[in-house]
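Summary of the model geometry
Residue strings, one per chain:
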Amino acid sequence: WSQVVSEAEKIVGYPTSFMSLRCLLSDELSNIAMQVRKLVGTKHPLLDTARGFVYDSRNNLQMRGLVVLLISKAAGPSTAELSFQHDMVSGIYSSQRSLAEITELIHTAFLVHRGIVNIGELKSCDGPLKDMQFGNKMAVLSGDFLLANACTSLAQLQNTKVVELISSAIGDLVQGIYYENSKSSEENCLTDDIGMSRWKEQVFLSHSALLAKSCQAAMELAKHSAEIQDMAFQYGKHMSMSHKLHSDLQPFVKESSTDIMAFSLNSAPAILHQEFLGREAWLKQIREPCAPRDNCALLKPPLHRCACVFQQLQEAIKAGKGVTSAIDLCRCHGNRALAALERFPPSEARDALANIVYAVTRFP
């Protein structure tokens, strides 16, 4: 993955890790960074989010902006609009580079907002209550600051359709995150019947909509046809779906993985396992008690269960059809993303977009 991203960054002209540099060097955000340092020594998730912006070799937080730049270069200039082709650098319009920055700012803002903790579930080892409350305030304010910067830059593009597309993507993100956090009690979490159709809907809202609509918006900025815009949307949608499936599968396909709690009961393999097993049998597996062990650690709410139960669930999912079905679904979305790329002319950028798909659809 890192090699694919590194090669793709060379094609678009500069590392996308510097994409938000203008914002990160602003006086306002420098002040936020100074305030966040006060959280050192606590377990507030905002600290982990901040570290991820500096270096994250596994997930590459700038992936969305990179894809927007690559698909802009793959599509090239539109024959319908020749008046502003002098504005191109490395085959990408300046407005498309601005859009890539906007996409990353929006994604970053929502990552920061997700760093809000439930004060009622804190333990003494997490840090002083006043520091955790301060961390929550910083997560809200700094996330709002990034989102406001993105919206200001979006208005400066002076394209009504692009504003409408990205605004709807922000609305999708809010709705998707609301769905993810709507189940607050243990009982609801265990008995809510989430099928794959609902999983796909929620993942599209919270993970795919921003990238899909940003890819479409990049085509609109270059005045490409409705067909090309739709193909860009389809690539963004299906590539990000396969990326999410690949992420969900990691706890089940990594041979050396020892982290038995690194998966969610709402991940794709678990939901597919439930569909094959049957709902009653799945609930029985979840509620099945385990033999007492000295090293049983309580899971974080809402699942107040010992680690050995989670290990049993992980082993049961591995033994069933959920993992292989999730791999098939990941490859299916990958193939649909590759099919959308066929509408673009052959180029280095198109090859890089295809390599990104290959990177998330190959499994050991």
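Read on for a plain summary of the structure. (Residues numbered from 1 in each chain as written. Predicted model: local features only at pLDDT ≥ 70, side-chain atom pairs only at ≥ 80, totals over all residues. Heavy atoms only, no water.)

1. With respect to the environment of G143
For clarity, the threshold we go by: Numbering of helices and strands runs from the N terminus, with a helix taken as a DSSP run of H or I at least four residues long and a strand as a DSSP run of E at least two residues long. Here, residues are in contact when the closest pair of their heavy atoms is within 4.5 Å.
Relative to the assigned elements, G143 resides in helix α7 (residues 129-156). Here the alpha-carbon distance between G143 and H107, two residues 36 residues apart in the chain, equals 9.8 Å. In this view, G143 contacts A109, V112, H113 and M138; residues no more than four positions away in its chain are not counted.

2. Focus on the nonpolar core
It is characteristic of soluble globular proteins that their nonpolar side chains tend to be buried jointly. The criterion, for reference: Among buried residues, the Ala, Val, Leu, Ile, Met, Phe, Trp, Tyr and Cys ones that are joined through side-chain atoms within 4.5 Å form a nonpolar core. Classification of residues uses two cut-offs on accessible area relative to the type maximum, computed with a 1.4 Å probe and protein chains only: under 20% is buried, over 50% is exposed, and between them is partly exposed.
Grouped together as the largest cluster of nonpolar side chains are 60 residues, with contacts concentrated most on V67, L70, I106, Y235, M239 and F344. In contact with F344, other than residues within four places in its own chain, are I71, A74, A75, M219, I228, M231, A232 and R350. L249, A270, I271 and F363 belong to the second largest nonpolar core, which has 26 residues in total.

3. Here's the deal with the side chain of S206
Here S206 lies in helix α10 (residues 196-221). When its relative accessible area of 7% is taken as the criterion, S206 is described as buried.

4. Let's talk about the state of the cysteines
Here, the word disulfide means a covalent bond between the sulfur atoms of two cysteines. Counted only if it meets this: Cysteine sulfurs are considered disulfide-paired once they come within 2.5 Å of each other.
Scanning the entire structure with this criterion turns up 0 disulfides. Note on C332: no disulfide assigned, nearest cysteine sulfur contributed by C330 at a separation of 9.8 Å. Using a relative accessible area of 37% as the deciding quantity, one classes C332 as partly exposed.

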